[in-house]
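Coordinate analysis (summary)
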Amino acid sequence: MRVTVFGIGYVGLVQAAVLAEVGHDVVCVDVDQQKVDNLKNGIIPIYEPGLESLVKENYETSRLHFTTNAEEGVAHGKLQFIAVGTPPDEDGSADLKYVLAVAETIATHMNDDKIIVNKSTVPVGTGDKVKAKVTEVLAARNADHTFHVCSNPEFLKEGAAVNDCMKPDRIVIGTDSDEVKDVMHELYAPFNRNHDRIIFMDMRSAELTKYAANCMLATKISFINEMAMLAERLGADIEHVRQGIGSDPRIGYDFIYPGCGYGGSCFPKDVQALKRTAEEIDFEPLILRAVENRNAEQKQVLFNKISAHYKGDLAGKTFAIWGLSFKPNTDDMRDAPSRVLMEALWQAGAKVQAYDPEAMEEAQRIYGVRDDIQLCGTRQSALKGADALVICTEWKQFWAPDFDIMTELLNEPVIFDGRNLFEPSLLKKKGFYYVGIGR
Ligand SMILES: NC(=O)c1ccc[n+]([C@@H]2O[C@H](COP(=O)([O-])OP(=O)(O)OC[C@H]3O[C@@H](n4cnc5c(N)ncnc54)[C@H](O)[C@@H]3O)[C@@H](O)[C@H]2O)c1
């Protein structure tokens, strides 16, 4: 099938590559000329396991194309995917300007019937706004083309995006059109062979499903973090508690790891946007507000522990930081807890020596060159001469370090662990002052 995808970000690029991989003919359109040029030269803008080879292979076999020419893109596909960003507006609601700009572009150039598929995470009612925008532009053009708008929210996880798109848990499609249902069934047939993963519903329910999913996951994280803070104050160990509750299948082990807060491009903005949606209709989002407040507190926890240990005297100290991305297997640092920590350390006059397996370029892009951050090529070089190590992201390569070498490299054997990677009793035996979360 001929498919056009607007927006070559985490969602658009992965989805486009996966659709091309199963045989569809996909054109990707982006406004970022540099990104498009890079992709044509085999330079992939993001780090995602398995993505580079998938993109290159499908580009070489001409099933995947990249362009900034919107007219060409609109002409290509019967299906027009919208996968552009929906960042928070000033008041916290999702900013729809990119989504509506794509709707306008499609309406401006379409010369035959289209199905517009919205993959961006958008507030309930956005599908209707897209419909209204396309209708308005077509009317102004005096053009009489049939079109449908459907919602097809994306549930991929950064760090496992290719696998999630290849083997989705579910494919949610919001539409009331039988034609759209048939076309979407055909499009996703290669992903449905094992069992039908498609869940059809109305458009508003599909839009809300995406927010409900992310807010539920954020709620689990904030809940366990609140339990961790209680555990610390009550002399309990949250890691025992986690296992004790995770073993209940009604609760499960996923998403109940205590830590230094959730970040990324989705949870913070989606909790905020759904909260805003609720407020707009005069509904008190009690749980969402609590989830957000707990997370804001949690992102301060590492700094507070560090500051307490040094009695507030952080000026002139140097901290090694392991992990800058908001989670492992991605280079994404949007809303990452590491940023809150580093900025607080700088504010207190401390310096940072940071290492991340994939996010070093991103850190350089965000912070540029400054005296108080040194980006180090290896995890060991980040430790050299530092007063303590702080762990912000649980990359696999941090889980079993050589503690003897660490003792030699650090000025003092001190670790603040925002991800509870190590066993406190073992670290104590090895002579470390070790602080985790909720233990
Ligand atoms: N990143 C995730 O893990 C994830 C997961 C599920 C859903 N989502 C949602 O998917 C959407 C996209 O997220 P993302 O992380 O892929 O965003 P992103 O910022 O990585 O990419 C968005 C892309 O859209 C392009 N763009 C902007 N305006 C455009 C236009 N008019 N025409 C063509 N391209 C345009 C930008 O240049 C950029 O390349 C958001 O709504 C997000 O909430 C993201």
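The structure we're discussing is the one just above.
One structure accompanies this document, and this report is about it.

Criteria and thresholds
- Residues numbered from 1 in each chain as written.
- Predicted model: local features only at pLDDT ≥ 70, side-chain atom pairs only at ≥ 80, totals over all residues.
- Heavy atoms only, no water.
- Helix = DSSP H or I, 4+ residues; strand = E, 2+ residues; numbered from the N terminus.
- Rg over C-alpha atoms; globule rule 2.2 N^0.38 Å.
- Contact = heavy atoms within 4.5 Å.
- Areas by Shrake-Rupley, 256 points an atom, 1.4 Å probe, with all protein chains shown as cover.
- Lys, Arg positive; Asp, Glu negative; His and termini not counted.
- Charge placed at Lys NZ, Arg CZ, Asp CG, Glu CD.
- Buried < 20%, exposed > 50% of the residue type's maximum accessible area, 1.4 Å probe, protein only.
- Pairing = 2+ DSSP bridges.
- Right-handed = clockwise from strand over helix to strand, strands pointing away.

Thoughts on the overall build of the protein chain
Regarding its fold elements, the protein chain presents 17 helices and 14 strands. Taking 2.2 N^0.38 as the reference for a compact globule, 439 residues should give roughly 22 Å; the C-alpha atoms of the protein chain span a radius of gyration of 24 Å, in line with that estimate. The dimensions of the protein chain, computed from C-alpha atoms along their principal axes, are 75 × 50 × 45 Å. For the protein chain, the proportion of contacts with a sequence separation of at least 24, taken over those separated by at least 6, is 73%. When the accessible surface of the protein chain is totalled, it reaches about 19,900 Å², and 50% of it is carbon and sulfur. Put simply, the protein chain has 48 plus and 65 minus side-chain charges, and the middle of one group is 4 Å from the middle of the other.

Observations concerning the pairing of strand β5 (residues 114-118)
Across the five residues that make up β5, a large majority, five, are buried. In β5, alternate side chains face the same way, and those of Lys114, Ile116 and Asn118 on one face and Ile115 and Val117 on the other are all buried. By the bridge criterion, four bridges tie strand β4 (residues 79-82) to β5 in an arrangement that is parallel. Bridging from a neighbouring strand, glutamine 80 pairs with isoleucine 116 of β5. Once you follow β4 into helix α5 (residues 97-109) and on to β5, the crossover reads as right-handed. You can see the chain leave β5, run along helix α6 (residues 126-141) and come back into strand β6 (residues 147-151), and the turn it takes is right-handed.

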